[in-house]
Amino acid sequence: MGKNELVESYDAQAEQKVERILQNKRGASDETANKRNSNAIDYTFTPEQLEVVKEFNRFKILAGVKPWTRYSYVVWCRQFLAFVKTPFEKVTARDAENFLLSLRDKAPDTQFRHRTYLKFFFVWFYEDCIKQPIPDWVRKIPRNKPKTKRSPQELLTKEELQRLFDAAHHPMHHTMLRLLAESGLRRKELLSLRIGDIAFEDPLTVLWTNGKTGEGAVYLFEATPSNQIIPLSEE
C-alpha cells in the first residue's frame, strides 16, 4: 500500500467512526471496551443532542478539521453529556467545574485537551448554534498548556531504539521508524510528506511539514540518505 492509500485509509477509518457515533450506533469495539473498562462511555444521544453534535461536526468539516480530530470531538461530546446528564443549553459553570474536577487524576495533557474541547465547543454552541452571548464561565475556562517533563527512565535508550529499528524487516518500515524517532513527527505528518517536502543538504536533511502545530522545518542528521536506503513508490 502506497503513502496516499495509507492516508486515505487512515482518514476513512475516522470518518466511519464519526458516522457510527452520529447514528447513535455502538460497534463491536465499543462492546469490547465496555467489557474491559467499567469507565468506558456508554451513552446514547437524545434526538436534540444528536442534532447539535451533527451541526458541530459539520462546522468542523467546513473549517477544514481532519477526520480524526473531529472523531475526538464527537467522542468528547458523548463523554461530557454522559457525565453532566443535562442538555447543552442547561449546562452551568458548576457542571463544567465538576467535569474538569473528575479529570484531576488524568495526565496534564489529557486535562488540557478536555479544557480545550470544553471551551471550543461551548463558544461555538452559544455564538453559532443558538446565537446567544457567551457566558462568563465559558470565557474563563483556562487553556494554559502544561509543560510536560519526562524523566530519562520514560525515554527509549539508543540500544532500545536500535532493537526497534532492527525489528523492521522492510526497508520502508525501517526508514519510517528512524524518521519518527529523530523528527518527532506525528504519524499523519509523516504519511503526508511528499518528495517536494524533503531537501537533501549534506550532511543533513530538511523536512518541511505542515501539521497540527503549523508549518515548520525539521532537521535530520541520522536518518539521512547517506545512512538509509529509502525505497520510492510510483507516488
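Just so you know, these numbers come straight off a predicted model, no measurement behind them. The written sequence of each chain sets the order in which its residues are numbered from 1. Restriction of local features to residues with pLDDT of at least 70 applies here, the model being predicted, together with a cutoff of 80 or more for giving and counting side-chain atom pairs; totals for whole chains, interfaces and linings are based on all residues. Side-chain figures throughout are based on the complete set of non-hydrogen atoms in the structure, without hydrogens or water.

**Observations concerning helix α3 (residues 47–62)**
In an α-helix, one turn spans 3.6 residues; hence positions three or four apart end up facing the same way. We count a stretch as a helix when DSSP gives it H or I for four or more residues in a row; a strand needs E for two or more, and each element gets its number in order from the N terminus. The span one expects for a helix is its residue count, reduced by one, times 1.5 Å. The end-to-end C-alpha distance of α3 is 23 Å, a good match for the 22 Å that 16 residues give at a rise of 1.5 Å each. Three exposure classes are used, based on accessible area relative to the maximum for each residue type with a 1.4 Å probe and protein chains only: buried under 20%, partly exposed in between, and exposed over 50%. Those residues of α3 not exposed but buried are Gln 49, Leu 50, Val 52, Val 53, Phe 56, Asn 57 and Lys 60. All buried residues of α3 lie within an arc of 160° about the axis, which places them on one face of the element. Among the exposed residues of α3, those pointing more than 90 degrees away from its buried face are Pro 47, Glu 48 and Leu 62. At the C-terminal side of α3, Gly 64 shows a positive phi close to 80°. Taken from the helix axis, the directions to the C-beta atoms give the arc we talk about.

**Digging into the packing of helix α8 (residues 158–166) against helix α9 (residues 171–183)**
Across the interface, α8 lies against α9 with an axial gap of 9 Å and an inter-helix angle of 155°. Considering their axes alone, α8 and α9 lie roughly antiparallel with respect to each other. For the pair α8 and α9, contact is made by Leu 161, Gln 162, Leu 164 and Phe 165 and by His 174, Leu 177, Arg 178 and Ala 181, respectively. Lys, Arg, Asp and Glu make up the charged group, whereas Ala, Val, Leu, Ile, Met, Phe, Trp, Tyr, Cys and Pro make up the nonpolar group; the residues left over, Gly among them, are polar. A class-by-class count of the residues in the contact of α8 with α9 yields five nonpolar, two polar and one charged. Axis definition: a line fitted to C-alpha atoms, over the contacting stretch in the case of helices. Angles run 0 to 180 degrees between N-to-C directions. The labels follow the angle: roughly parallel below 35 degrees, roughly antiparallel above 145, roughly perpendicular from 65 to 115, and oblique for the rest. Residue contacts are defined here by distance: any two heavy atoms, one from each residue, within 4.5 Å place the two residues in contact.

**Here we look at the nonpolar core**
Note on terminology: a nonpolar core comprises buried Ala, Val, Leu, Ile, Met, Phe, Trp, Tyr and Cys residues joined through side-chain atoms within 4.5 Å. Counting 34 residues, the largest nonpolar core has Phe 45, Trp 76, Phe 80, Phe 88, Phe 121, Phe 122 and Phe 125 as the members making the most contacts within it. For this core, the secondary-structure elements that each account for two or more residues are α1 (3–22), α3, α4 (67–84), α5 (93–101), α6 (108–129) and α7 (136–139). Counting residues per element, this core draws most heavily on α4, at nine residues. Contact partners of Phe 122, with chain neighbours within four places excluded, come to Trp 76, Phe 80, Phe 88, Val 91, Trp 137 and Val 138. Leu 190, Leu 193, Val 218 and Leu 220 belong to the second largest nonpolar core, which has seven residues in total.

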